[in-house]
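# Residue-level structural notes
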Amino acid sequence: MTFSQEGPWLDDAAGRLIRPYTVIGGRTQPTTALDLLSMVIATGATPQAHMGPEHSLALGLCDGPISVAEIAAHLRLPAVVTKVLLSDLVDCGALTARAPRFHANPTDRSLLEAVLDGLRQRL
């Protein structure tokens, strides 16, 4: 059994040992309205309340603006679990969140080409 920087407690044979909803105490609704495209960033404030290891891992990913979807992927947690973790951090002042900015024309060719170029660079 190991604790990895990339995720919660894992066992080589069994996989994840802690159910994702256990991490957030069974809560299913974040207190802050977060979209998968919402951007969060650390404020530099230290959380006053005791936070679990997943909170610390999530906060560590937020040195620069990062989307909720990216954090969920890095933590390998469901989006709703990630939203609850992040809303805890927003509530205690450790993170700020802003709604996604939508492009005026989602079918704009230059926007679609920029997305395609970005995907090509990553793959």
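What counts, and where the lines are drawn
Residues numbered from 1 in each chain as written. Predicted model: local features only at pLDDT ≥ 70, side-chain atom pairs only at ≥ 80, totals over all residues. Heavy atoms only, no water. Helix = DSSP H or I, 4+ residues; strand = E, 2+ residues; numbered from the N terminus. Buried < 20%, exposed > 50% of the residue type's maximum accessible area, 1.4 Å probe, protein only. Contact = heavy atoms within 4.5 Å. pLDDT = per-residue confidence, 0-100. Pairing = 2+ DSSP bridges. Polar contact = N/O pair within 3.5 Å; in protein donor to acceptor, adjacent residues only side chain to side chain. Patch = residues over 30% accessible without salt bridge, like charges linked within 9 Å, V, L, I, M, F, W, Y side chains within 5 Å. Areas by Shrake-Rupley, 256 points an atom, 1.4 Å probe, with all protein chains shown as cover. Salt bridge = Lys/Arg side-chain N within 4 Å of Asp/Glu carboxyl O. Axes fitted to C-alpha atoms, helices over the stretch in contact; angles between N-to-C directions. Parallel < 35°, antiparallel > 145°, perpendicular 65-115°, else oblique. Nonpolar A, V, L, I, M, F, W, Y, C, P; charged D, E, K, R; others polar.

### Quick word on the overall build of the chain
Scanning the chain from N- to C-terminus turns up 5 helices and 6 strands. When the elements of the chain are put in sequence order from the N terminus, they spell out β-β-β-α-β-α-β-α-α-β-α. Taken across its 123 residues, the chain has 28% of its residues classed as buried. A separation of at least 24 residues holds for 68% of the contacts in the chain among residues at least 6 apart in sequence.

### A short note on unusual backbone geometry
In this structure, Arg76 is a non-glycine residue whose phi angle is positive, near 60°. Looking at the element boundaries, Arg76 is found in the loop between helix 3 (68-75) and helix 4 (79-91). Relative accessible area serves as the criterion here: at 52%, Arg76 is assigned to the exposed category.

### Topic: the confidence of the model for the chain
Confidence in the prediction of the chain, expressed as mean pLDDT, is 79, and 73% of residues score 70 or more. Averaged pLDDT values for the elements of the chain fall to 43 in strand 1 (residues 2-4) and rise to 94 in strand 4 (residues 39-42).

### Thoughts on the sheet that holds strand 5 (residues 66-67)
Taken together, the 3 strands give an open sheet; going across it, the order is 5-4-6, and neighbouring strands pair in antiparallel fashion. For this open sheet the edge positions go to strand 5 and strand 6 (95-98), each flanked by a neighbour on one side alone. Across 4 bridges, strand 4 lies against strand 6 in antiparallel orientation. Within the sheet, the bridge partner assigned to Ala42 lies in strand 6 and is Leu95.

### A few points about the side chain of Ser38
By the element assignment, Ser38 lies in the loop between helix 1 (20-23) and strand 4. Taking the relative accessible area as the measure of exposure, Ser38 reaches 2% and is therefore buried. Within the structure, the side chain of Ser38 is placed 2.7 Å from the backbone nitrogen of Asp35, a separation counted as a polar contact.

### Comments concerning a nonpolar patch on the surface
Together, Val115, Leu119 and Leu123 make up an exposed nonpolar region whose accessible area comes to about 350 Å². Structurally, the position occupied by Val115 is in helix 5 (residues 109-122). Looking at Val115, the relative accessible area reads 46%, which means it is partly exposed.

### Re the environment of Ala33
Along the chain, the position of Ala33 falls in the loop between helix 1 and strand 4. The sequence separation of Ala33 and Ser87 amounts to 54 residues, and the corresponding C-alpha distance is 7.9 Å.

### Quick word on the packing of helix 2 (residues 53-60) against helix 4
Viewed as axis vectors pointing N to C, helix 2 and helix 4 meet at an angle of 80°, and their least axial separation amounts to 10 Å. In terms of axis orientation, helix 2 runs roughly perpendicular to helix 4. Where helix 2 abuts helix 4, its residues Glu54, His55, Ala58 and Leu59 lie against Leu85, Leu86, Asp88 and Leu89. Classifying every residue of the contact of helix 2 with helix 4 gives 5 nonpolar, 1 polar and 2 charged.

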